[in-house]
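# Coordinates in review
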Amino acid sequence: DTEVTQTPKHLVMGMTNKKSLKCEQHMGHRAMYWYKQKAKKPPELMFVYSYEKLSINESVPSRFSPECPNSSLLNLHLHALQPEDSALYLCASSQSRNTIYFGEGSWLTVV
Amino acid sequence: GESVGLHLPTLSVQEGDNSIINCAYSNSASDYFIWYKQESGKGPQFIIDIRSNMDKRQGQRVTVLLNKTVKHLSLQIAATQPGDSAVYFCAESANDYKLSFGAGTTVTVRA
């Protein structure tokens, strides 16, 4: 079982809504990630936080806003999304650059 | 010359047989590689990793082989079981926190 917990598991939101995805890990990992995965495609990196600081932003549109309140939590704030943003959003964590562990993901549908 | 395994998007295997999943990576600077298994509706699950200073690593029923000369990675699963049915992704990293995934191979185990 994964030790990276994501909530909610499913989210349906309108294009004018503001919502957030949440991720939590208690493995003491110092790096946390957001990935996006479309159906039948590999995960694509969105953001990396290292020691609670944003270290990588893969040119993600500003309608996605990450936040790392502390070393165990990672949020992804969503605002004014488009239907093409519907996907599985995966959170992951790792200790330095070693094994990256993924959560089960949050299925997002934008209507 | 040495043959290089082709990446196949799908692989059908008889239960009890051995499976070989191939992956070609593109970045010569990549020095860390991971294989993930992703079952339907779940997040990627770590299987095994290997660093570029090794060419083979074994786990429980799985073996990863790395050929840096031709930039090729393979995952061998011994005595394939129905529970091994999933999508398998290779991923590479080049001395940073970015993990790039391959296209994935869907493995179906026939009873």
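What you see is a predicted model, and the numbers here were worked out from it, not measured in a lab.

What counts, and at which threshold
Residues numbered from 1 in each chain as written. Chains lettered and ligands numbered in written order. Predicted model: local features only at pLDDT ≥ 70, side-chain atom pairs only at ≥ 80, totals over all residues. Heavy atoms only, no water. Helix = DSSP H or I, 4+ residues; strand = E, 2+ residues; numbered from the N terminus. Rg over C-alpha atoms; globule rule 2.2 N^0.38 Å. Buried < 20%, exposed > 50% of the residue type's maximum accessible area, 1.4 Å probe, protein only. Contact = heavy atoms within 4.5 Å. Areas by Shrake-Rupley, 256 points an atom, 1.4 Å probe, with all protein chains shown as cover. Disulfide = S-S within 2.5 Å. Phe/Tyr/Trp six-rings, centres within 6.5 Å; stacked < 30°, edge-to-face > 60°. Pairing = 2+ DSSP bridges. Axes fitted to C-alpha atoms, helices over the stretch in contact; angles between N-to-C directions. 1 Å grid on protein atoms, 1.4 Å probe; cavity = no way out; pocket = protein on both sides within 12 Å on 5 of 7 lines; lining within 4 Å. Points joined across faces, edges and corners; volume = space filled by probe spheres on them. Nonpolar A, V, L, I, M, F, W, Y, C, P; charged D, E, K, R; others polar.

## What about the overall build of chain A?
A tally of helices and strands in chain A yields zero helices and 11 strands. Expected size for 111 residues packed as a compact globule is a radius of gyration near 13 Å; at 13 Å, chain A falls within 12% of this value. Its C-alpha atoms give chain A principal-axis dimensions of roughly 35 × 25 × 20 Å. When the 111 residues of chain A are sorted by exposure, 48% land in the buried category. Across chain A, every contact between residues at least 6 apart in sequence was considered, and the portion connecting residues at least 24 apart equals 52%. Surface exposure of chain A reaches about 5500 Å², of which carbon and sulfur atoms provide 51%.

## What to know about the state of the cysteines
By definition, a disulfide links the sulfur atoms of two cysteine residues through a covalent bond. A complete count under the given rule lists two disulfides over all chains for this structure. Two residues, A:C23 and A:C91, share a disulfide whose sulfurs are 1.9 Å apart. In this structure, the disulfide formed by A:C23 and A:C91 twists by about -75° around the S-S bond and is classed as left-handed. Note that A:C23 is positioned in strand β3 (residues 18–25) and A:C91 in strand β9 (residues 87–94), a separation of 68 residues in sequence. Take A:C23 and A:C91: they sit in the same class, and that class is buried. Two residues, B:C23 and B:C90, share a disulfide whose sulfurs are 1.7 Å apart. Here the disulfide of B:C23 and B:C90 is right-handed, its torsion about the S-S bond being about 45°. Pair noted here: B:C23 is in strand β2 (residues 19–24) and B:C90 is in strand β8 (residues 86–93), with a separation of 67 residues, a long-range link.

## Describing the packing of aromatic side chains
As enumerated under the stated definition, the model contains 12 aromatic pairs over all chains in all. Where A:Y33 meets B:Y97, the ring centres are 6.4 Å apart and the plane angle is 55°; that geometry is what we call tilted. Note that A:Y33 is positioned in strand β4 (residues 31–37) and B:Y97 in the loop between β8 and β9 (100–101), a pairing that runs across two chains. Consider the rings of A:Y35 and B:F101, whose centres lie 5.8 Å apart with planes at 85°: the pair is edge-to-face. Placement of A:Y35 in strand β4 and of B:F101 in strand β9 is noted, with the two residues assigned to different chains.

## Quick word on the sheet that holds strand β8 (residues 73–79) of chain A
All names here are of chain A. Read across the open sheet, the four strands follow the order β1-β3-β8-β7; overall the sheet is antiparallel. At either end of the open sheet lies a strand with only one pairing partner, and these are β1 (4–7) and β7 (64–70). Taken pair by pair, the neighbouring strands of this sheet meet at an average axis angle of 20°, ignoring direction. Looking at chain direction, β3 and β8 are connected through seven bridges and run antiparallel. Residue pairing across strands places K19 opposite L78, the latter belonging to β8.

## With respect to empty space enclosed by the protein
Tallied over the entire structure, the rule returns two cavities of 30 Å³ or more. For the largest cavity, the calculated volume is near 40 Å³. Lining the largest cavity we find A:H29, A:R30, A:A31, A:M32, A:Y49, A:Y51, A:E52, A:C68 and A:S71. The residue inventory of the lining of the largest cavity, partitioned by class, reads five nonpolar, two polar and two charged. As a volume, the second largest cavity reaches approximately 40 Å³. Looking at the second largest cavity, the residues that line it are A:Y33, A:R97, A:I100, B:Y32, B:S93, B:D96, B:Y97, B:K98 and B:L99.

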